[in-house]
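Chain and residue survey
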Amino acid sequence: MDCIFCKIANKEIPARIAFESDRVIAFHDLFPQAPTHVLVIPKTHISTLNDVPAEQAPVLGELVSAATTIAKELGLADAGYRVVMNCNADGGQSVYHIHLHLLGGRHMAWPPG
Ligand code: 5GP
Ligand code: ZN
């Protein structure tokens, strides 16, 4: 399968790794939208949030848990941060391997554009 995030998870292409566990890996976004912009992904390929089977739903909690760990490690926890998951075209998804964006280091407006 020609998936860029699977290749990053398999260490076939390089990325700046921020966190790794048995089921999850996180790396810095190539085109950061904030001073800190980390992507947290399951090592297993799942294309969109619509495709998470009930038996794999716990991995979504692992993505959030990894994000909070990284936020603390990078000193974002007190000032705050944002976590975002985009689904399909209207959600702004461009890479079809689910990922959680962890954004921090600046104030973020709400609602997003
Ligand atoms: P999406 O728009 O699908 O929610 O987010 C995909 C993210 O992946 C974008 O923020 C984009 O900058 C990032 N991205 C795309 N290709 C690469 C890559 O090869 N390496 C890294 N580190 N990030 C990437
Ligand atoms: Zn993949």
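Structure shown above.
Keep in mind that what you see is a predicted model, and the values were worked out from it rather than measured.

What to know about the sheet that holds strand S4 (residues 81–84)
An order of S1-S2-S3-S5-S4 is seen for the 5 strands of this open sheet, with the pairing classed as antiparallel. Single-partner strands in this sheet number two, and they are strand S1 (17–20) and S4. The sheet shows a mean angle of 20° between the axes of neighbouring strands, taken without regard to direction. By the bridge criterion, 5 bridges tie strand S2 (residues 24–28) to strand S3 (residues 36–42) in an arrangement that is antiparallel. Each residue of the ladder has a partner; that of Ala-26, found in S3, is Val-40. Contacting S1, S2, S3, S4 and strand S5 (100–104), helix H2 (residues 58–73) runs over the sheet at an angle of about 150° to S3.

So, how was this worked out
- Residues numbered from 1 in each chain as written.
- Chains lettered and ligands numbered in written order.
- Predicted model: local features only at pLDDT ≥ 70, side-chain atom pairs only at ≥ 80, totals over all residues.
- Heavy atoms only, no water.
- Pairing = 2+ DSSP bridges.
- Helix = DSSP H or I, 4+ residues; strand = E, 2+ residues; numbered from the N terminus.
- Axes fitted to C-alpha atoms, helices over the stretch in contact; angles between N-to-C directions.
- Contact = heavy atoms within 4.5 Å.

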